[in-house]
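# Tertiary structure, described
So you can see what is in the structure, the chains are spelled out below.
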Amino acid sequence: MAGERSVTDEPEYDYVIVGGGTAGCVLAARLTEDPDCRVCVIEGGPSDVGDERILRPRNWINLLGSEFDYGSCRMGADDDPLAVLDPQLRVRGVSGVRVVDASPFPTMPTINPVLTVLLAAERAADLIKGTQQPGEAR
Ligand SMILES: Cc1cc2nc3c(=O)[nH]c(=O)nc-3n(C[C@H](O)[C@H](O)[C@H](O)COP(=O)(O)OP(=O)(O)OC[C@H]3O[C@@H](n4cnc5c(N)ncnc54)[C@H](O)[C@@H]3O)c2cc1C
């Protein structure tokens, strides 16, 4: 019927990025360097409006251990039973899913964290595009 949309009308994407923040935007920018690559960024996070944990810097220490913390998603070798991610940031046991943010960081660097997240996203883009192997210097 005219005006109705079917599932086949939906665009197809090569990659779906969940979260249009620091890492998500870097990844989207890098992947779309290839004009044939179709990327969908889904931004659906909660608003910071009224969140006193975010709005008041004196409360930031309380973000440790919250959903804003790092190190929640360990990366490691195949024989590491606690490693959720493999060295290419792929979720073990789940096909086609990678984690690109501060979750795999074993410790937080002493520089501004956003810089390290930016570099992690650049590295992830290289891994995804197959231009760099794990452990290979850029
Ligand atoms: C209060 C605060 C102050 C900070 N100040 C500094 C600073 O001064 N300097 C510095 O270097 N770093 C700072 N950081 C750290 C820096 O913001 C982070 O290291 C960096 O932004 C992390 O990047 P990310 O891509 O992992 O997450 P984000 O940039 O937070 O991106 C995650 C995105 O995912 C979205 N999202 C969440 N849930 C969903 C969902 N279910 N579906 C779809 N999308 C979703 C969010 O809305 C967000 O846009 C600060 C962090 C906080 C919390």
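The rules behind these values
- Residues numbered from 1 in each chain as written.
- Predicted model: local features only at pLDDT ≥ 70, side-chain atom pairs only at ≥ 80, totals over all residues.
- Heavy atoms only, no water.
- Helix = DSSP H or I, 4+ residues; strand = E, 2+ residues; numbered from the N terminus.
- Buried < 20%, exposed > 50% of the residue type's maximum accessible area, 1.4 Å probe, protein only.
- Contact = heavy atoms within 4.5 Å.
- Areas by Shrake-Rupley, 256 points an atom, 1.4 Å probe, with all protein chains shown as cover.
- Near = heavy atom within 4 Å.
- Polar contact = N/O pair within 3.5 Å; in protein donor to acceptor, adjacent residues only side chain to side chain.
- Nonpolar A, V, L, I, M, F, W, Y, C, P; charged D, E, K, R; others polar.
- Core = buried A, V, L, I, M, F, W, Y, C linked by side-chain atoms within 4.5 Å.
- Expected span 1.5 Å × (residues − 1).

### Notes on the overall build of the protein
When you go through the protein residue by residue, the secondary structure sums to 3 helices and 2 strands. Reading the helices (α) and strands (β) of the protein from amino to carboxyl end gives β-α-β-α-α. Expressed as a percentage of its 138 residues, the buried residues of the protein come to 28%. When contacts within the protein are restricted to residue pairs at least 6 apart in sequence, long-range pairs at least 24 apart make up 40% of them. Summing over all exposed atoms, the protein offers an accessible surface of approximately 9700 Å²; the carbon and sulfur share of this is 56%.

### Notes on the site of the ligand
Lining the immediate environment of the ligand, one finds 18 residues, of which Thr-22, Ala-23, Glu-43, Asn-112 and Val-114 sit closest. Thr-22 is positioned such that a nitrogen or oxygen atom in its side chain is 2.8 Å from an oxygen atom of the ligand. Separating an oxygen atom of the ligand from a side-chain N or O atom of Glu-43 is a distance of 2.5 Å. For the shell around the ligand, the secondary structure elements donating two or more residues are α1 (22-31) and α3 (113-129). Tallied by class, the residues present in the shell around the ligand amount to 9 nonpolar, 7 polar and 2 charged.

### As for the nonpolar core
Within the largest apolar cluster, 22 residues are counted, with the highest numbers of intra-cluster contacts made by Ile-17, Leu-27, Leu-31, Val-39, Leu-85, Leu-89 and Val-100. Elements supplying a minimum of two residues to this core: α1 and α3. Counting residues per element, this core draws most heavily on α3, at 6 residues. Other than its neighbours up to four places away in sequence, Ile-17 contacts Gly-24, Leu-27, Ala-28, Leu-31, Val-39, Cys-40, Val-41 and Ile-42.

### Some points on α3
A turn of α-helix holds 3.6 residues, and therefore any two residues three or four places apart point the same way. For α3, with 17 residues, the first-to-last C-alpha span of 24 Å sits near the 24 Å given by 1.5 Å per residue. Those residues of α3 lying buried are Thr-116, Val-117, Ala-121, Ala-124, Ala-125, Asp-126, Leu-127 and Ile-128. Lining the buried residues of α3 we find β1 (15-18) and α1. Phi turns positive one or two residues past the end of α3, at Gly-130, with a value near 75°.

### A few points about the environment of Val-16
Mapped onto the elements, Val-16 comes out in strand β1. In this structure, the C-alpha to C-alpha distance between Val-16 and Cys-40, residues 24 residues apart in sequence, is 4.8 Å. Excluding residues within four positions of it along the chain, Val-16 makes contact with Cys-40 and Ile-42.

### Some details on α1
Of all 10 residues in α1, 7 are buried; the element is thus mostly enclosed. Turning to α1, its buried residues number three or more, namely Ala-23, Gly-24, Val-26, Leu-27, Ala-28, Arg-30 and Leu-31.

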